[in-house]
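Examining the three-dimensional arrangement
Chain by chain, the residues:
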Amino acid sequence: MTTPPDLVAVSAIEKAGEVIHHIGDEDVSPPTLTAEEERLLWRKIDFRLLPILVIMYLVASLDRSNIGNGKLQGLVTQLELTGTKYNIALALCFTQTMVKCSLVIKKLRPSRWLPGITVSFSSSTSILGRSANDSTYHQLVGVRVLLGIAEAGLPPGVFYYITMWYPRHMVQYRVGLFWGGATFAGAFSGLLAFGISFMSGTAGLLGWSWIFIIEGLVTIVVAVISFFVLVDFPDTASFLTPQERAYVVHLKSMCLLPRRPPDYETQWLAEYDNSSVGEEEHFEVRQIWETLLDWKVILGSLINMSVITTVYGITLFLPFGFNTVVSQLLSVPPYVVATIAVVTWGKWSDNIKMRSPSILAGLLCCLTGFAINAANVSAGVKYFGTFLIVTGGYAGFPGNVSWMGNNIVGHYRRAIAIGTQVMFANAGGAIACNIYRVEDAPRYLLGHAVEIGFVCMGLTLLPIVVATFIRINAKRDARQRDMEERDEELRRMGNQAPGFRYAI
């Protein structure tokens, strides 16, 4: 068989029957790897990329959530957070936009942008802790706003970064490992805050001040280290050989089907990671409004909002009014279980090459958990319900982000879509901060009812989106058999191209 004359890759050229990628100053042909060699290559990439990302998000999550532990260590009393002041301070961290932040990472390089914003938001919390004796409610609000602005680029930036490295059906496990840092932070923060609380009174500062100072300084140290450890994109990764870089780039662009029999040596097939026609790599303004108005982005963001709102809400009533020490220690086990679920569900989702089952499982866990907590049952039964909520919320979230990344084609479109999705999630966080009112304790019926409403929204939209994707895929199967179009026209169509198939 001969190579079709119209096969042109975005980042590769074909010379005498082989694909050549421009890597650095060299033109490199991607190698053919055995299954074991490929596994070792991805392990090498995982060990270089994921540990620093996980640690960065773990310490960032500590900075964002330390206000909850600070509440137990004198923050409310010292800053006179009466009425709804505490809830307002919580909510302001979730009001920042993320779409622009997702676009910036493409231009400023991940190895500079991600550590830079991490230093920014950790510095603000540490400074507030050091000046605690002179701090006021308004300063707390200002720090929370700065924290929200600086941190706005971290989650969507990393989600986008992961999709630039890994093929679409390897994404959720890696997102799960990254998100597991935030999940584990939920357990670790309680233990850390419990230990730091013994410093209360040192240098005339209460326990909440030391929590802010120490956790902020740890985040700064991690961010500085990440400047030297974090790498950018596959084509410039110095820890890989030129051949390994070409192989990874190859999987994200046009690739010869791996491990083909020798008699098919000259048979080529356009096989792109997210599409059969490749991706647009240049930016156009139309990509912004086309993505923001895309029904898949809107519904996907609402489904994600239905999951992540439960994550933010659970911290506001866990664990049912025990004393400070017991409350912090009881918060640990649900997050440990959730961390395990995040990783295992991600691996399972990648293995079956589907995203919606893990999202559905998460929503069902949350629905059951909130129903239990809204019921008039014992504290032990409610505590079991919190395991379901924490597990469902945290383990269901990576599926949403991976699903969006899988189904949006084009580097900038994907960045905009993921930023929009996380922006919706933050809106859910702002809502969650204001539905668990002090006067509703201990059952918090209003808060639980609103959370159940969000979960039901997700359970309604999820099957609609899945059924729509199945129908579109079936139609495109039929269209592809009858259509032949030029590659550039198909590439501009992005995920509207007949060769693109939505992940289910």
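Here the structure is a predicted model, which means the values were calculated and not measured.

Tallying each qualifying case throughout the model produces three cavities of 30 Å³ or more. For the second largest cavity, the calculated volume is near 100 Å³. Only α12 (295-314), α16 (379-407) and α18 (445-482) provide two or more residues apiece to the lining of the second largest cavity. A per-element tally of the lining of the second largest cavity places α16 first, with four residues. Tallied by class, the residues present in the lining of the second largest cavity amount to six nonpolar, four polar and one charged.

With that out of the way, let us pick up the environment of Leu 330. By secondary structure assignment, the location of Leu 330 is in helix α13 (residues 324-330). For Leu 330, a relative accessible area of 24% corresponds to the partly exposed category. Sequence separation of Leu 330 and Ala 187 is 143 residues, and the distance between their C-alpha atoms is 9.1 Å.

Before going further, it helps to examine the packing of α16 against helix α17 (residues 411-432). How two helices pack is summed up by the angle between their axes together with the distance between the axes. Here α16 crosses α17 at 155°, and the two axes come no closer than 9 Å. One way to sum up the angle between α16 and α17 is to call them roughly antiparallel. For the pair α16 and α17, the crossing hand works out as right-handed. Residue-level contacts link Asn 400, Val 401, Met 404 and Gly 405 of α16 to Arg 414, Ala 417, Ile 418 and Gln 421 of α17. Looking at side-chain class alone, the contact of α16 with α17 contains four nonpolar, three polar and one charged residues.

As a further point, take a nonpolar patch on the surface. A cluster of nonpolar side chains, namely Phe 283, Val 285, Trp 289, Leu 292 and Leu 293, defines an oily patch on the protein surface of about 530 Å² accessible area. Residue placement: Leu 292 occurs in helix α11 (residues 286-292).

What follows is about helix α15 (residues 356-374). In a regular helix each residue adds 1.5 Å, so 19 residues correspond to 27 Å; α15 covers 27 Å between its end C-alpha atoms and thus fits that length. Three or more residues of α15 are buried, namely Ser 356, Ser 358, Ile 359, Gly 362, Leu 363, Cys 365, Cys 366, Gly 369, Phe 370, Ile 372, Asn 373 and Ala 374.

Rules used in this analysis
Residues numbered from 1 in each chain as written. Predicted model: local features only at pLDDT ≥ 70, side-chain atom pairs only at ≥ 80, totals over all residues. Heavy atoms only, no water. 1 Å grid on protein atoms, 1.4 Å probe; cavity = no way out; pocket = protein on both sides within 12 Å on 5 of 7 lines; lining within 4 Å. Points joined across faces, edges and corners; volume = space filled by probe spheres on them. Helix = DSSP H or I, 4+ residues; strand = E, 2+ residues; numbered from the N terminus. Nonpolar A, V, L, I, M, F, W, Y, C, P; charged D, E, K, R; others polar. Buried < 20%, exposed > 50% of the residue type's maximum accessible area, 1.4 Å probe, protein only. Axes fitted to C-alpha atoms, helices over the stretch in contact; angles between N-to-C directions. Parallel < 35°, antiparallel > 145°, perpendicular 65-115°, else oblique. Left-handed = near helix turned anticlockwise from the far one by under 90°. Contact = heavy atoms within 4.5 Å. Patch = residues over 30% accessible without salt bridge, like charges linked within 9 Å, V, L, I, M, F, W, Y side chains within 5 Å. Areas by Shrake-Rupley, 256 points an atom, 1.4 Å probe, with all protein chains shown as cover. Salt bridge = Lys/Arg side-chain N within 4 Å of Asp/Glu carboxyl O. Expected span 1.5 Å × (residues − 1).

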